[in-house]
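Listed below are the residues making up each chain.
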Amino acid sequence: QVQLVESGGGLVQPGESLRLSCAVSGNAFSSSTVAWFRQAPGKQRDMVARISSGTNTLYADSVKGRFTISRDNAKNTVYLQMNSLKPEDTAVYYCYAHFPVPGRDYWGQGTQVTVSS
């Protein structure tokens with residue numbers, strides 16, 4: 001059973017940085033595509049950033065130039081470096097992983113990020 005565990009959320013002031021981590025269990029991590037989503041109260045869950053098994057990346061327009069997604073296959077971990085945080089970045093951030101074999105998707109439990117002065 002694959003499990004995703006997020007960490008690194010917290011309360012920061014505008015302009016500060018945070019790094020989220022997503023630890024993924026299982027032996028096929030290197031073949032997975034992993035993404036970070038976020039959901040603010042009363043809003044839908046939207047993709048923030050995605051990294052493929054080949055380390056191609058994709059970002060939402062709202063975070064381009066501020067957020068960086070990366071992966072360490074030796075540690076089965078994906079990171080989201082968030083710089084120049086804004087109050088509108090406040091949300092619960094979820095880690096998502098897609099494993100092409102056997103074609104299953106998994107979600108983490110979420111971690112709260114609050115940006116406020």
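*Asks:* Would you mind going over the packing of aromatic side chains in detail, with residue names and values included?
*Replies:* This model, assessed by the stated rule, comprises five aromatic pairs. Ring centres 6.5 Å apart and planes at 85° place the aromatic pair Tyr-94 and Trp-107 in the edge-to-face group. A residue pair is termed long-range when its members are at least 10 positions apart, and Tyr-94 in strand E9 (residues 91-99) and Trp-107 in strand E10 (residues 104-107) qualify at 13 residues. Take Tyr-94: its relative accessible area is 14%, and that puts it in the buried class. An aromatic cluster is present here, built from Phe-37, Tyr-94, Tyr-96 and Trp-107 joined pairwise through their rings.

*Asks:* Describe the sheet that holds strand E3 (residues 18-24), and please don't skip the residues or the numbers.
*Replies:* Think of a sheet as strands paired side by side through backbone hydrogen bonds, with each pair either parallel or antiparallel. What the four strands build is an open sheet, ordered E1-E3-E8-E7; its pairing is antiparallel. Whereas interior strands pair on both sides, the edge strands pair on one side only; in this sheet they are strand E1 (4-7) and strand E7 (67-72). Averaged over all neighbouring strand pairs, the angle between strand axes comes to 15°, with direction disregarded. Note: E7 against strand E8 (residues 77-82), six bridges, orientation antiparallel. By the bridge assignment, Phe-67 is partnered in E8 with Met-82.

*Asks:* Can you break down the side chain of Thr-77 residue by residue, with the values?
*Replies:* Tracing the sequence through the fold places Thr-77 in strand E8. Of the polar contacts made by the side chain of Thr-77, one reaches the backbone oxygen of Lys-75; its length is 2.8 Å. When residues no more than four places from it in sequence are discounted, the contact partners of Thr-77 are Ser-21, Cys-22, Ala-23, Phe-29, Ser-70, Arg-71 and Asp-72.

*Asks:* With reference to specific residues and values, describe the side chain of Arg-71.
*Replies:* One can find Arg-71 in strand E7. At 8.4 Å, Asp-72 is the nearest oppositely charged side chain to Arg-71, a buried residue that forms no salt bridge. One polar contact links the side chain of Arg-71 to the main-chain carbonyl oxygen of Phe-29, over a distance of 2.8 Å. For Arg-71, the side chain forms a polar contact with the side chain of Asn-73, separated by 3.0 Å. Apart from residues no more than four positions distant in its own chain, Arg-71 is found in contact with Phe-29, Ser-30, Ser-32, Val-34, Ile-51, Ser-52, Ser-53, Thr-55, Thr-77 and Val-78.

Parameters at a glance
- Residues numbered from 1 in each chain as written.
- Predicted model: local features only at pLDDT ≥ 70, side-chain atom pairs only at ≥ 80, totals over all residues.
- Heavy atoms only, no water.
- Phe/Tyr/Trp six-rings, centres within 6.5 Å; stacked < 30°, edge-to-face > 60°.
- Helix = DSSP H or I, 4+ residues; strand = E, 2+ residues; numbered from the N terminus.
- Buried < 20%, exposed > 50% of the residue type's maximum accessible area, 1.4 Å probe, protein only.
- Pairing = 2+ DSSP bridges.
- Axes fitted to C-alpha atoms, helices over the stretch in contact; angles between N-to-C directions.
- Polar contact = N/O pair within 3.5 Å; in protein donor to acceptor, adjacent residues only side chain to side chain.
- Contact = heavy atoms within 4.5 Å.
- Lys, Arg positive; Asp, Glu negative; His and termini not counted.
- Salt bridge = Lys/Arg side-chain N within 4 Å of Asp/Glu carboxyl O.

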